[in-house]
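Structure at a glance
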Amino acid sequence: MKQAFWKEAVVYQIYPRSFKDSNGDGIGDIPGIVSKLDYLQELGVDVIWLSPVYRSPNDDNGYDISDYRNIHEEFGTLVDWEALTDGLHKRGMKLVMDLVVNHTSDEHAWFEASRETKDSPYREYYYWREGKDGQEPNNWTSVFSGSAWEYDEKTDAYFLHLFSKKQPDLNWESPKVRREVYEMMRWWLEKGVDGFRMDVINFISKTPELPSVGEDRYAWGGEHFMNGPKLMDYLLEMKREVLDHYEVMTVGEMPGVNADQAVEITDEEHGALNMVFQFEHVDIGSGPGGKFDLKPWTLHELRGILHKWQIGLADKGWNSLYLNNHDQPRMVSRFGDAGEYRVLSAKMLATLLHTLKGTPYIYQGEELGMTNVSFERIDQYKDIETLNMYREATELHGKDPADVLRSIHVKGRDNARTPMQWDASAHGGFTTGSPWLEVNPNYTDINAELALQDTNSIFYYYKELIRLRKQHPIMVYGAYKLYLENDDHVYAYSRSWQGKEWAIVLNFARHEVPFSCPDHWQGRSFTRMTGNYADLQVSKMQDCSLRPFEALVLELDS
């Protein structure tokens, strides 16, 4: 297996709106990020992934882009962006930008030109279709609820939007569209970008006929736009035309992708991208009614999915490792314990994240153990998906608002978007003004200033894991093997590399559990590499009990 910087790197995702505000307008910005580069260097991360900062009307918090070659004024200017890039590069860090090319904003110049007349040269840039029998061209629903089609009076036609109606889908069948995208990518790469995280990139190829699905008035049409017929053609063309000419890191966000498809996409010899983001593991705990339909999850489910991907991409391709991001609830609230065992469970989950095979992605605040927020009123939330779901659930389906809010407290995207908690001053030190989204009230107890003063904090545990990764190639390139695959509470596995073997043992329970030491490990002595308790209860590998959320990383003697 080839060595590469993007395999060895640890990535830190910044959601700019919520990271640090420099001018008191309540919105995080690029100068705010620049002011915290020393903090990121202290943590030890290698790559910053910046969520969108392009010009945008902000219908979907920047994922609706109206100008790909400009910075949104709320975030700063291109000069500010250049200062950020220079600051990162001087500190030995790289910058990965979001590439959002499944759709644009409806305020993008291409779309505005396309809706002027039916014979506009830009008409082919989007999916314009006539209605059928006084209804939409097909029955697809959008990701954000409601029809995926919007009627436009000016030309008496509908346009496709798989997301918000202000996010019309680009038509990748058009060679002109593809040329525009590749030109824009080259422009950013020439300016110093080190790679791209590609937003819902597996949606860019649609079944050409855009057929309806089933008999319902509205239905999910994902089979016709997720991993579509020409996806690999487009990605390989992008690689040929753009990516092969630069040293870049690429990761494709791909809802619904499976391990076999991911191998094809990320295969080093014949694939197109370095990694994909898959969603199977973060989709657990959802009932048949979708992500807000809550049901309990088990370690069997989580371990089974992670194991499947570890094995599936073991020899070809590469995994991306994450437990939360700007679209997911906080991982300590989701997979750990945000109460009594917050610190221990956050460290245990961090151990999982950094000791599986793949590239770890840290989401801002994760290194502090930031938690979900439980706002009491729906008007305190800002996320379009959350607000649409609440309105549909309470008004159309008559659900109890309190029950709907409980689901939002668990799964809503604003859990991840509350401002970064820097210190115990007003608004967590995020802004001197009124924050665009309220800060989690627990900022007085959970913040970066406190973390940096406490040598046992989650922050320093992350720093230690990142340091270990840099010192020990086994964490990057070591083969993975699962043990105790039927245990209800313990996830145990090994990593092996050039004659060395590490044992990783993780207790996912809030209570002590028995550890049945695998035969292969039994009786062996070890060196402790790290763990989330200060002491060890045993001096060699043997049956024992594990404490609540205990995490052990041990180098076994041969």
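Residues numbered from 1 in each chain as written. Predicted model: local features only at pLDDT ≥ 70, side-chain atom pairs only at ≥ 80, totals over all residues. Heavy atoms only, no water.

Examining the overall build of the protein
Helix and strand counts for the protein stand at 17 helices and 22 strands. The globule rule puts the C-alpha radius of gyration for 558 residues at 24 Å, and the 24 Å found for the protein is close to it. Out of the 558 residues in the protein, the part that is buried amounts to 62%. In the protein, the proportion of contacts linking residues at least 24 apart, taken out of those at least 6 apart, comes to 69%. (Helix = DSSP H or I, 4+ residues; strand = E, 2+ residues; numbered from the N terminus. Rg over C-alpha atoms; globule rule 2.2 N^0.38 Å. Buried < 20%, exposed > 50% of the residue type's maximum accessible area, 1.4 Å probe, protein only. Contact = heavy atoms within 4.5 Å.)

Details of the environment of Val100
Within the secondary structure, Val100 is located in the loop between strand S5 (94–99) and helix H5 (109–114). Separated by 99 residues in sequence, Val100 and Asp199 place their C-alpha atoms 5.1 Å apart. Ignoring sequence-local partners within four residues, the contact set of Val100 consists of Pro52, Tyr63, Ile65, Tyr68 and Asp199.

Comments concerning the pattern of salt bridges
Evaluation of the coordinates by the stated rule reveals 39 salt bridges. Across the pair Asp106 and Lys166 runs a salt bridge whose closest N-O atoms are separated by 2.8 Å. A residue pair is termed long-range when its members are at least 10 positions apart, and Asp106 in the loop between S5 and H5 and Lys166 in the loop between strand S8 (157–160) and helix H6 (175–190) qualify at 60 residues. Since its relative accessible area comes to 13%, Asp106 is described here as buried. Put simply, Arg413 and Glu385 hold a salt bridge, and the shortest N to O gap is 3.6 Å. In this pair, Arg413 is assigned in the loop between helix H13 (401–411) and helix H14 (414–417) and Glu385 in helix H12 (residues 384–396), connecting sequence segments 28 residues apart. Glu385 carries the same exposure label as Arg413, and that label is buried. Through salt bridges that share partners, Asp60, Lys291, Asp327, Asp383, Glu385, Arg413 and Arg417 make up one connected network. (Salt bridge = Lys/Arg side-chain N within 4 Å of Asp/Glu carboxyl O.)

Some words on the pairing of strand S16 (residues 479–483)
Two faces belong to every sheet, and in a regular strand the side chains alternate between them. Sheet analysis places S16 next to strand S17 (residues 490–497), joined by five bridges and oriented antiparallel. What sits directly across from Lys481, in S17, is Ser494. Between S16 and S17, which follow one another and run antiparallel, lie six residues, and Leu484 among them has a positive phi close to 50 degrees. (Pairing = 2+ DSSP bridges.)

Quick word on H12
End to end, H12 covers 17 Å across 13 residues, agreeing with the expected 18 Å (1.5 Å per residue, within 8%). If you check which residues of H12 are buried, you get Ile384, Glu385, Thr386, Asn388, Met389, Tyr390, Ala393 and Thr394. Against the buried residues of H12 lie strand S13 (290–294) and H13. Two residues or fewer past H12, Gly398 is found with a positive phi of approximately 65 degrees. (Expected span 1.5 Å × (residues − 1).)

Describing the nonpolar core
Within the largest apolar cluster, 136 residues are counted, with the highest numbers of intra-cluster contacts made by Tyr12 and Tyr491. Counting residues in each nonpolar core, the second largest holds 18 residues, with Ala9, Val96, Val282 and Trp318 among its members. (Core = buried A, V, L, I, M, F, W, Y, C linked by side-chain atoms within 4.5 Å.)

So, the state of the cysteines
Throughout this description, disulfide means a covalent bond between two cysteine sulfur atoms. The tally for this structure, following the rule as stated, stands at zero disulfides. The thiol of Cys517 is not disulfide-bonded; the next cysteine sulfur, from Cys544, is found 7.6 Å away. By relative accessible area, Cys517 is classed as buried at 6%. (Disulfide = S-S within 2.5 Å.)

Thoughts on the packing of helix H11 (residues 342–355) against helix H16 (residues 458–471)
At a minimum axis distance of 10 Å, the contact between H11 and H16 shows a crossing angle of 15 degrees. With respect to each other, H11 and H16 are oriented roughly parallel. Two packed elements cross with a definite hand, and for H11 against H16 that hand is right-handed. Contacts between H11 and H16 involve Arg342, Val343, Ala346, Lys347, Ala350, Thr351 and His354 from the first element and Ile458, Tyr461, Tyr462, Leu465, Ile466 and Arg469 from the second. Among the residues forming the contact of H11 with H16, the class breakdown is eight nonpolar, two polar and three charged. (Axes fitted to C-alpha atoms, helices over the stretch in contact; angles between N-to-C directions. Parallel < 35°, antiparallel > 145°, perpendicular 65-115°, else oblique. Left-handed = near helix turned anticlockwise from the far one by under 90°. Nonpolar A, V, L, I, M, F, W, Y, C, P; charged D, E, K, R; others polar.)

Some remarks on the sheet that holds strand S22 (residues 551–556)
As summarised here, the arrangement of the five strands in space is S16-S17-S18-S22-S20, forming an open sheet in which the pairing is antiparallel. Strands with a single pairing partner mark the edges of an open sheet, and in this sheet they are S16 and strand S20 (526–531). Across the sheet, the axes of successive neighbouring strands diverge by a mean angle of 25 degrees, strand direction being ignored. In this sheet, S22 lies alongside S20 in antiparallel orientation, the contact comprising five bridges. Residue Thr530 lies in a different strand from S22, and its bridge partner there is Val553.

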